Amino acid sequence: MTAEPGPSAPAHNDLPPEQQAAMRRAVRLEWITIAVMVVTIAAVYAVSGQSQAMKVAWIEDTLSLLPPIAFLVAARIAHRAPSSRFPYGLHRAVGIGHLVAGVALLAMGVFLVVDSGSGLLTGERPPLGVVEIGGQVIWVGWLMVAVMALSCVGPVILGRMKAAPAATLHDKVLFADADMNRADWKTGIATIVGVLGIGVGLWWADAVAALVVSVSILRDGWANVRGAIEGLIDARPTRYDGTDPHPLVGEIDEALGGVEWARDHGVRVRDEGHIFHVEAFLVPADGQQVTVERLSDVRRRLRELSWKVEDVVVTVVDRVHGSHRLP
């Protein structure tokens, strides 16, 4: 016997007021990020010259557009109501966006590591000339250093500002974007060191800096792909940062343990993006009568735990499978 969704269940596209405010803030921040990154990409390209480190930094900045675009697309469709074609809704758009961004980063990271490593092995020596500005002759390297220093400021600030709405929304795409933004200063410093290394005659510094940045892109890509795949194959939900098991799963298990008429219980929880789908399994105690009202009461208790608990199915079974128990 299963408890069906009641008429009081909120619509799939409704978020609580706190989450609605966080979503609006996140959308604004992502549009600002895109605007900042477009300006940064143009500036870095204009002064990149023959520097391999600058070329890799420019590619990384271009790739930094993927997560905010993925988030904005997912935000528009994730909370659409279910249909006959998509009976579970479109919440998984968040996970798909996460995967697309991660695969792009991973592929480009592999390419850049190979490209940078080959430049180091072949001993490429990028020439950095001079340019005349306002009658003054300036080494191009100083322009590169200035642009890279300025390009770090915006993303780092925006990354810190995105952390709070990412936590509020349980949005892994937004968190991945914020994490990449916060780490942009490392890219900037590595590139600056590489350019200055050329200036003092260390030809290999540029290629080493490019390799460092490439490895950073590769690491970000792998982390995002792994997290997205785990979510799409229904691994046990984790926190938005992908570290620890989500505490709500334990709260759901504890609530089921408090059902008076059941002698055993189990649960499966799927992370659908912003919300969780819950399947609860209860073994009735001897002599206990199971009614629709009792099952509906369990469903109500679980729904009241958090706004994230959306679809809940409560089922009576004769025994609980081991995979349905928390470790």
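Residues numbered from 1 in each chain as written. Predicted model: local features only at pLDDT ≥ 70, side-chain atom pairs only at ≥ 80, totals over all residues. Heavy atoms only, no water.

In this section: the overall build of the chain. Looking only at helices and strands, the chain has 10 helices and five strands in total. For the C-alpha atoms alone, the extent of the chain along its principal axes is close to 90 × 35 × 30 Å. In the chain, which comprises 327 residues, the proportion classed as buried is 46%. Within the chain, contacts between residues separated by at least 24 positions form 74% of all contacts whose residues are at least 6 apart in sequence. Carbon and sulfur atoms make up 62% of the accessible area of the chain, which totals about 16,000 Å². Looking at charge distribution, the chain has the averaged site of its 29 positive side-chain charges lying 1 Å from that of its 34 negative ones. (Helix = DSSP H or I, 4+ residues; strand = E, 2+ residues; numbered from the N terminus. Buried < 20%, exposed > 50% of the residue type's maximum accessible area, 1.4 Å probe, protein only. Contact = heavy atoms within 4.5 Å. Areas by Shrake-Rupley, 256 points an atom, 1.4 Å probe, with all protein chains shown as cover. Lys, Arg positive; Asp, Glu negative; His and termini not counted. Charge placed at Lys NZ, Arg CZ, Asp CG, Glu CD.)

Turning to empty space enclosed by the protein, a few remarks are in order. Going through the model one piece at a time under the given rule, you end up with four cavities of 30 Å³ or more. In this model, the largest cavity occupies a volume close to 150 Å³. Contributing to the lining of the largest cavity are R92, V94, G95, H98, K172, G227, A228, G231, L232, D271, E272 and G273. For the lining of the largest cavity, the secondary-structure elements that each account for two or more residues are α4 (93-122) and α8 (204-232). The dominant element in the lining of the largest cavity, judged by the number of residues it contributes, is α8, at four residues. Class assignment for the residues of the lining of the largest cavity results in three nonpolar, five polar and four charged. (1 Å grid on protein atoms, 1.4 Å probe; cavity = no way out; pocket = protein on both sides within 12 Å on 5 of 7 lines; lining within 4 Å. Points joined across faces, edges and corners; volume = space filled by probe spheres on them. Nonpolar A, V, L, I, M, F, W, Y, C, P; charged D, E, K, R; others polar.)

Note that H79 resides in the loop between α3 (66-77) and α4. A sequence separation of 94 residues divides H79 from V173, and the C-alpha atoms of the two residues are 15 Å apart.

This part takes up the packing of aromatic side chains. Going through the model one piece at a time under the given rule, you end up with three aromatic pairs. Between Y45 and W58, the ring centres sit 5.5 Å apart and the planes meet at 45°, which makes this aromatic pair tilted. With Y45 in helix α1 (residues 17-47) and W58 in helix α2 (residues 52-63), the pair connects residues that are 13 residues apart, well separated along the chain. Classification of Y45 by relative accessible area gives exposed; the value is 55%. Ring centres of F175 and Y240 lie 5.3 Å apart, and the angle between their planes is 80°; this geometry places the pair in the edge-to-face category. On the criterion of sequence distance, the pair formed by F175 in helix α6 (residues 172-182) and Y240 in the loop between α8 and α9 (247-257) is long-range, its members being 65 residues apart. Among the residues examined, F175 registers a relative accessible area of 18% and is labelled buried. A relative accessible area of 26% places Y240 in the partly exposed class. Across the ring face of F276, the terminal group of K308 is positioned such that the distance to the ring centre comes to 4.4 Å. (Phe/Tyr/Trp six-rings, centres within 6.5 Å; stacked < 30°, edge-to-face > 60°. Lys NZ or Arg CZ within 6 Å of the ring centre and 35° of its normal.)

Moving on, we get to the pairing of strand β3 (residues 262-271). Here β3 lies mainly inside the structure; seven of its 10 residues are buried. Turn length for the β3-strand β4 (residues 276-284) hairpin, with the two strands adjacent in sequence and antiparallel, is four residues, and the turn residue G273 shows positive phi of about 130°. (Pairing = 2+ DSSP bridges.)

Another point: the side chain of R92. Relative to the elements of secondary structure, R92 occurs in the loop between α3 and α4. From its side chain, R92 meets the backbone oxygen of L232 in a polar contact 3.0 Å long. Here the side chain of R92 touches E272 through a polar contact of 3.0 Å, side chain to side chain. (Polar contact = N/O pair within 3.5 Å; in protein donor to acceptor, adjacent residues only side chain to side chain.)

For α8, built from 29 residues, the straight-helix expectation of 42 Å at 1.5 Å per residue is met to within 8% by its first-to-last C-alpha distance of 42 Å. Downstream of α8 by a residue or two, D234 has a phi angle that is positive, lying close to 65°. (Expected span 1.5 Å × (residues − 1).)

For the rest of this paragraph, the subject is the pattern of salt bridges. Overall, the coordinates contain 13 salt bridges when judged by the stated rule. A salt bridge links D177 to K162; the shortest N-O distance between them is 2.7 Å. In this pair, D177 is assigned in helix α6 and K162 in helix α5 (residues 140-169), connecting sequence segments 15 residues apart. Of the two residues, D177 and K162, neither departs from the other in class, the shared state being buried. Through salt bridges with shared partners, a single network forms among E260, D297, R300, R301 and E304. (Salt bridge = Lys/Arg side-chain N within 4 Å of Asp/Glu carboxyl O.)

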